[in-house]
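Observations on chain architecture
One letter stands for each residue in the lines below.
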Amino acid sequence: MNGYNGGGSGGGGEVGGPPGALEWKFSQVFGERAAGEEVQEVDIISAIEFDKSGDHLATGDRGGRVVLFERTDTKDHGVSRRNLERMDFSIGRHPEFRYKTEFQSHEPEFDYLKSLEIEEKINKIRWCQTANSALFLLSTNDKTIKFWKVHEKKVKKITDMNLAPRATVGNGSIHSLSNDVAIPPEGISSLRLPVVTTHETSQVARCRRVYAHAHDYHINSISSNSDGETFISADDLRINLWNLEISNQSFNIVDVKPQNMEDLTEVITSAEFHPTHCNTLAYSSSKGSVRLIDLRQSALCDSHAQLFEEPEAPGSRSFFTEIIASISDIKFAKDGRHILSRDYMTLKLWDINMDSGPVATFQVHEHLRPRLCDLYENDSIFDKFECCLSGDGQRVATGSYSNLFRVFGCAPGSTEATSLEASKNPMRRQVQTPSRPARSLSSMTRVVRRGAESPGVDANGNSFDFTSKLLHLAWHPTENSIACAAANSLYMYYA
C-alpha cells in the first residue's frame, strides 16, 4: 500500500521500518450521557461519515435525524490552511469539530401492500461533491434514499423605515398615524427608501431528490461514484445504479436472486465504488467473499471480474462457520488498490492484484470463539461491525464489545494492535496484544494478530458487555483522527 515505507505520524519506528504505535488521546464528545441516564432508542447513532476533505462529519441516528458537524481548528486563526501546509514545522493542533446543523431525514412509514412498518433509522450516509459552498449528501433507511442539500441562508430584514419603530406592530402594519407620528409644521422634506439588510445566516437543509420503490429488501449500502453523477444502492439480492438527477429510474446492475428462492445460498452484505475508477465497484457476501465488478463488461454484472475469498481450513467447519464468515462491511483504501473487509471474527486486508487470499488478517474476536453458542443465543453473533482505514493506508480500525475499538498497523513488519475504549480515557482498558510471528505464504506476508484469549474477559480481566457494542466508526481522510459511536454519544480521538 502507498506509504508503507514511510515513518508515519506515529513516529517511533526506525527509518525504512514500520511506523511506531500511535498514542491515542481523547479529543471531543458530543451527546455525552450522565451516569445512570437512560439512552433513548431514537438517539442511538446508526451511521457516521467524514466528507472527502475531512472538514465535515455527518451522523445519522435511529430516529431518522442527520446531524452535521464542521471543523473549527483550521478556521479562526488568521492563517490559511494552505499556508499552514507550507510551514515546515508541525503545529500542535488536532481536528476539532462543532455542531453545525441537524435535520429530520426520514420519518416512520407503513408499507400497506406488505403490511410492514418501515422504521426511520438511518442505515448509511454518503457525502457527494460540494458545489458553491453548499454541502450535498445521501441518506437512506431500509427502503428510501434521499439526496440533501445543506446551505447557508441569509436572514434579511427591512431597515431604515420612514416611521419610527414604535409606529409599527409585529407584522409591519401601521398602527396609528394620527396618535403616534407628529408631522412637523414645515412638512416632511423627503422620504427615505427602506433598505434590506442581512443580519445573520442560518443553515437550511433541503431534500432535492427522493429515490424510492427500487428495493424489495432492506437497503444495506449506498456509495457515491467518483464521477460525481451516479451512485449505487444495494440490498440483500440486488445492486442498483442511479443518476443523482433522476429519481424515478435506476438500473439493476447485480442480481443474485435465484429462480427458486429455496436455492438461495448467499446474499449481498455491503457494496462500495472504487475511489477513483468510476467503472469499478466491489461487493461482499454472506459467504465471506468479495467480488470486484467492471461496469464496462456488461449491463448486468452478475459475472464478477475478480473474486476474493479465503479457502476454508480443513477440519474447522462447525455450525457457526457460515455465520461468522459473513462480511458485514467493506472499504476501499484511498489508493484504490486494497480492500478491507470485516467479518465477525476478523479484519482482512485484500490486494486487488492478488486473489489467492488476504495479504493480512487481524484477529478481533478470536477470544470469543468458545462463547459462540452464547452469542448465537442472544443474537450478538449477527452484529454488523463496520471497519475503516487511515488515509495513508498504514492502519485499520474496527469496533468490538464493551464500547471498545481496535486499531492495527498493517504496514509490513508492524506489530501495532491497540484496544481503546470509547470514553474520555481511551487508554483505560488498553490492551497491547502480542502478535504472532509473521507467516510467509507464497512469498506474501500474512500477519495474524490475536486478541485476549480468555473467554468473556479482556486482557485486563474486565468482563465483556455484549449490550455495549461499538458498531460504527470512521477515520479522518487525511489525519490520524477517529470518530466512533457509543450508543447516543459521538467520541472523537486523535494521535
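Note that the coordinates shown come from a computational prediction; the quantities given were computed from them, not determined experimentally.

With six bridges connecting them, strand β14 (residues 238-243) and strand β15 (residues 246-255) associate as antiparallel partners. Directly across from L241, in β15, lies its bridge partner F251. The loop that links β14 with its antiparallel partner β15 comprises two residues.

Another aspect to go through is the sheet that holds strand β16 (residues 268-273). Spatial ordering of the open sheet is given by β16-β17-β18-β19, a layout of four strands whose pairing is antiparallel. The sheet is open, and its two edges are formed by β16 and β19 (306-308), each paired on a single side. Put simply, the sheet's adjacent strands are angled 20° from each other on average, direction ignored. With three bridges connecting them, strand β18 (residues 290-294) and β19 associate as antiparallel partners. Bridge pairing links V290 to F308 in β19.

Looking now at the pattern of salt bridges. A side chain of one charge can pair with a side chain of the opposite charge if their charged atoms are brought near each other. On inspection of all chains with the given rule, the structure shows 26 salt bridges. One salt bridge connects K424 with E32, and the closest N-O pair in it is separated by 3.3 Å. Residue K424 is found in the loop between β27 (417-421) and β28 (431-432), and its partner E32 is found in the loop between β1 (25-30) and β2 (45-50); the two are separated by 392 residues along the sequence. On the basis of relative accessible area, K424 is assigned to the partly exposed category, the value being 48%. Ionic pairing is found between R238 and D255, a salt bridge with its closest N-O pair at 3.2 Å.

Right, let's get into the pairing of strand β20 (residues 327-332). Of all six residues in β20, six are buried, a share of seventy percent or more. Where β20 lies against strand β21 (residues 338-343), five bridges are found, and the strand directions are antiparallel. When the sheet's bridge partners are listed, K331 is paired in β21 with L340. Here β20 hands over to β21 after five residues, with G336 in that stretch at a positive phi of 80°.

Its identity as a non-glycine residue notwithstanding, S115 has a phi of 50°, on the positive side. Within the element layout of this structure, S115 appears in the loop between β6 (109-111) and β7 (116-118). Although it is not a glycine, S402 adopts a positive phi angle of roughly 60°. Mapped onto the fold, S402 is located in the loop between β25 (395-399) and β26 (404-409).

Core analysis: the biggest nonpolar cluster contains 16 residues, and W24, F405, V407, L473, I482 and C484 have the highest contact counts within it. Contributing elements (two or more residues each) for this core: β26, β31 (473-475), β32 (481-486) and β33 (489-494). The biggest single contributor to this core is β32, with three residues. Among all residues touching L473, those that are not within four sequence positions of it are I48, E386, C387, C388, A397, T398, G399, F405, I482, A483 and C484.

Attention now goes to the packing of aromatic side chains. Tallied over the entire structure, the rule returns 22 aromatic pairs. Ring geometry for Y211 versus F231: centroids 5.0 Å apart, planes at 70°, classification edge-to-face. Here Y211, found in strand β11 (residues 195-211), pairs with F231, found in strand β13 (residues 230-234); they are 20 residues apart in sequence, far enough to count as distant. The same class applies to Y211 as to F231, namely buried. Here F231 and W242 contribute two aromatic rings whose centre-to-centre distance is 6.0 Å and whose plane-to-plane angle is 5°, an arrangement assigned as stacked. You can see F231 sitting in strand β13 and its partner W242 sitting in strand β14, a full eleven residues away along the chain. The class for F231 is buried, based on a relative accessible area of 0%. Each member of the aromatic cluster is reached from another via a ring pair, and the members are F26, F405, Y491 and Y493.

Conventions we followed
Residues numbered from 1 in each chain as written. Predicted model: local features only at pLDDT ≥ 70, side-chain atom pairs only at ≥ 80, totals over all residues. Heavy atoms only, no water. Pairing = 2+ DSSP bridges. Helix = DSSP H or I, 4+ residues; strand = E, 2+ residues; numbered from the N terminus. Axes fitted to C-alpha atoms, helices over the stretch in contact; angles between N-to-C directions. Salt bridge = Lys/Arg side-chain N within 4 Å of Asp/Glu carboxyl O. Buried < 20%, exposed > 50% of the residue type's maximum accessible area, 1.4 Å probe, protein only. Core = buried A, V, L, I, M, F, W, Y, C linked by side-chain atoms within 4.5 Å. Contact = heavy atoms within 4.5 Å. Phe/Tyr/Trp six-rings, centres within 6.5 Å; stacked < 30°, edge-to-face > 60°.

Keep in mind these values describe shape, not function.
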